[in-house]
Amino acid sequence: MAGSAGTKPAKKVTTFSCSKCGAPVSVRYPGHSMSAVCDRCFSVIDTTNDAFRVIETYFKQMQVHPRIELGSRGELNDKTWEVIGFVVREDIASAFKWEEYLLFNPYYGYRWLTCNNGHWSLVTTVKEKPDFSSNDAKIGDKKYKLFYRGRAKVFFVLGEFYWKVAVGEEVWMADYIRPPEMLSMEEDRAQKVWSISEYIEPKVVQEAFNVDDGSMATPVGVAPNQPSPETQAWKKVGMYWGIFLAVLTALQVLHCSTVLNRVEYEVNVPYMTKQDSTLVADTKKAESWTSPVFEIAKDKANVEISIKGDVDNSWLYVYGELVNDDTNETFSFERTVEYYHGVDDGESWSEGHTTDRITIGNVPGGKYYFNLDIDNGGAKATERKTMYLELKRDIAGYANYLWCLLFISILPICVFFRSRATEVARWSDSDYSPYQSSS
Amino acid sequence: MDKVYGIFGVLLCIYFWYANVNNIRFFEGETAGHTRPSGPGVHHK
């Protein structure tokens, strides 16, 4: 408990008879309150002098019952507040209603506790006036985005107030949001008042004022100033994401700039073309070819083997082995190049390619030779042709980089879309939503 | 969540660098993938 003197103010309740109906009307803070509402006949009574003049009497077919009883005390932000007034306001354009509870502490003054669609905010009046740019308002370093602008009127009142309240009283209002805060403006002919409201979890209000479950409204949707864990998470995760993308890209650039990327062996390999139209490669019928021994530099690195075939509406199949001449360690591979083209119904088409390549990782340096079995088919004539074989040492790989980009992006993308869904829901009731097209 | 992601990202960057230096490929199983002749696809008559 913040058991300071400020939390237990001494009270001197004044009770008088309603000038309209005679019912007793209590004023909890005479000297502070300028008007009070008779809870039997709903007359608003001037409490600034002992005449207790009726300012206005209004009638409601249905009385709105406050969720927090007038006179209740509760502790919010380490200060004790007493609920002394209750106002229901209505947006004139949409007839949307929300509740406002006037809180009072003789040492700290007035605060408002608002309930909007089951979401609660504690409102404090500020003297500082914001600066404006476009649809933004700025106080200090804090920038608030315009969320609502319109006219509202008092729909229902109960309790006592620091001004002479009147049902039907209209004000211009504007709300600017920066969750969990909302900067609000109320303007009438006499004055313009700015206030900042801070979102409060309904449970905090319920526990502070000991409100029973039945009286608490279930929060609907996302409140304008409700903090979003998803958006908070996105701000951090998004920042990390950018950093990791930059680091990975820098490492990849470094990797690409330090690899050998050198042709270690290249040769034209002769073979005889076949007119066989089947599409079955058969190593038993293939021509065999063995290369001379050549040297591969660098201790441990990958090799890229490229095959370019002179294929024209035909295919070339190669089964190969890269054999270490000293250890007989063998790296085998299979590749097919095939290229087809033609004209169908006056439209030319082509498929396949004349070159293919394969990368083999972790090939130790040393002396190597190739064993190749070459098969082919679909040629127009049987003739002698060559295929080009090339071995490159230490090629920059992109697969690891792409995998890393995928792994590092999954969570941020999910968090981004969740955050966006929350923000779209938040702004769905606003005419100033950044998520709507301007048309 | 952001802390776990931060740790994961740092470890991934370190492993990426280590894999590049040591010539390790993620999911290396397909390095010597096989291909066979398939002929012209949609245009084959």
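For the structure, see preceding data.
Just so you know, these numbers come straight off a predicted model, no measurement behind them.

Participant: I keep staring at the overall build of chain A and nothing clicks. Help me out?
Facilitator: Within chain A, the regular secondary structure consists of three helices and 24 strands. Here the C-alpha coordinates of chain A stretch approximately 120 × 60 × 40 Å along the principal axes. Within chain A, the proportion of its 439 residues that are buried is 46%. Summarising the internal contacts of chain A: among those between residues at least 6 apart in sequence, 65% fall at separations of at least 24. Accessible surface, chain A: about 22300 Å² in total, of which carbon and sulfur atoms supply 51%. Taken as two groups, the 48 positive and 59 negative side-chain charges of chain A have centres that lie 10 Å from each other.

Participant: Please explain the packing of aromatic side chains as it appears in this structure.
Facilitator: One pair of aromatic rings is described through two measures. These are the centre distance and the angle between the planes. All names here are of chain A. Inspection of every chain in the model, using the stated rule, returns 28 aromatic pairs over all chains. With a centroid separation of 4.5 Å and 40 degrees between ring planes, the pair formed by F104 and Y110 is classed as tilted. Measuring from ring centre to ring centre gives 6.1 Å for Y265 and F370, while their planes differ by 35 degrees; the resulting arrangement is tilted. Placement of the pair is Y265 in strand β17 (residues 262-272) and F370 in strand β23 (residues 355-377), with a sequence separation of 105 residues.

Participant: Hey, could you run me through the side chain of N20(B) in this one?
Facilitator: Turning to its location among the elements, N20(B) is positioned in helix α1 (residues 2-21). Each residue touching N20(B), except ones within four places of it in the same chain, is listed here: L251(A), Q252(A), H255(A) and N400(A).

Participant: For this particular structure, what's the right way to read the interface of chain B and chain A?
Facilitator: Many analyses report the size of an interface as the accessible area lost when the parts associate. The interface is formed by 34 residues belonging to chain B together with 42 residues belonging to chain A. At the boundary of chain B with chain A, total buried surface from both sides reaches about 3500 Å², with 62% on carbon and sulfur atoms. Taken together, chain B and chain A are joined by one salt bridge. Among the salt bridges present, the one from D2(B) reaches K236(A), with a minimum N-O distance of 4.0 Å.

Participant: Would you mind going over helix α2 (residues 229-258) of chain A with me for this structure?
Facilitator: Since the α-helix advances by 3.6 residues per turn, residues separated by three or four positions end up pointing in the same direction. Taking 1.5 Å of rise per residue, 30 residues should cover 44 Å, and α2(A) covers 43 Å from first to last C-alpha, within 8% of that figure. Burial in α2(A) covers these residues: T231(A), A233(A), V237(A), G238(A), F244(A), L248(A), L251(A), Q252(A) and H255(A).

Participant: Explain helix α3 (residues 399-427) of chain A to me, please; I cannot follow it from the model alone.
Facilitator: Between its first and last C-alpha, α3(A) extends 41 Å over 29 residues, near the 42 Å set by a 1.5 Å rise per residue. Where α3(A) bends most, the angle comes to about 35 degrees, and this point is S409(A), followed within four residues by the proline P412(A). Within α3(A), burial applies to N400(A), Y401(A), C404(A), I408(A), S409(A), P412(A), V415(A), S419(A), T422(A), E423(A), R426(A) and W427(A). Elements that come into contact with the buried residues of α3(A) comprise β13 (142-161), β14 (170-178) and α2 of chain A together with α1 of chain B.

Rules of the game
- Residues numbered from 1 in each chain as written.
- Chains lettered and ligands numbered in written order.
- Predicted model: local features only at pLDDT ≥ 70, side-chain atom pairs only at ≥ 80, totals over all residues.
- Heavy atoms only, no water.
- Helix = DSSP H or I, 4+ residues; strand = E, 2+ residues; numbered from the N terminus.
- Buried < 20%, exposed > 50% of the residue type's maximum accessible area, 1.4 Å probe, protein only.
- Contact = heavy atoms within 4.5 Å.
- Areas by Shrake-Rupley, 256 points an atom, 1.4 Å probe, with all protein chains shown as cover.
- Lys, Arg positive; Asp, Glu negative; His and termini not counted.
- Charge placed at Lys NZ, Arg CZ, Asp CG, Glu CD.
- Phe/Tyr/Trp six-rings, centres within 6.5 Å; stacked < 30°, edge-to-face > 60°.
- Buried area = accessible area lost by both parts, 1.4 Å probe.
- Salt bridge = Lys/Arg side-chain N within 4 Å of Asp/Glu carboxyl O.
- Expected span 1.5 Å × (residues − 1).
- Bend = angle between axes of the 7 residues up to and from the residue.

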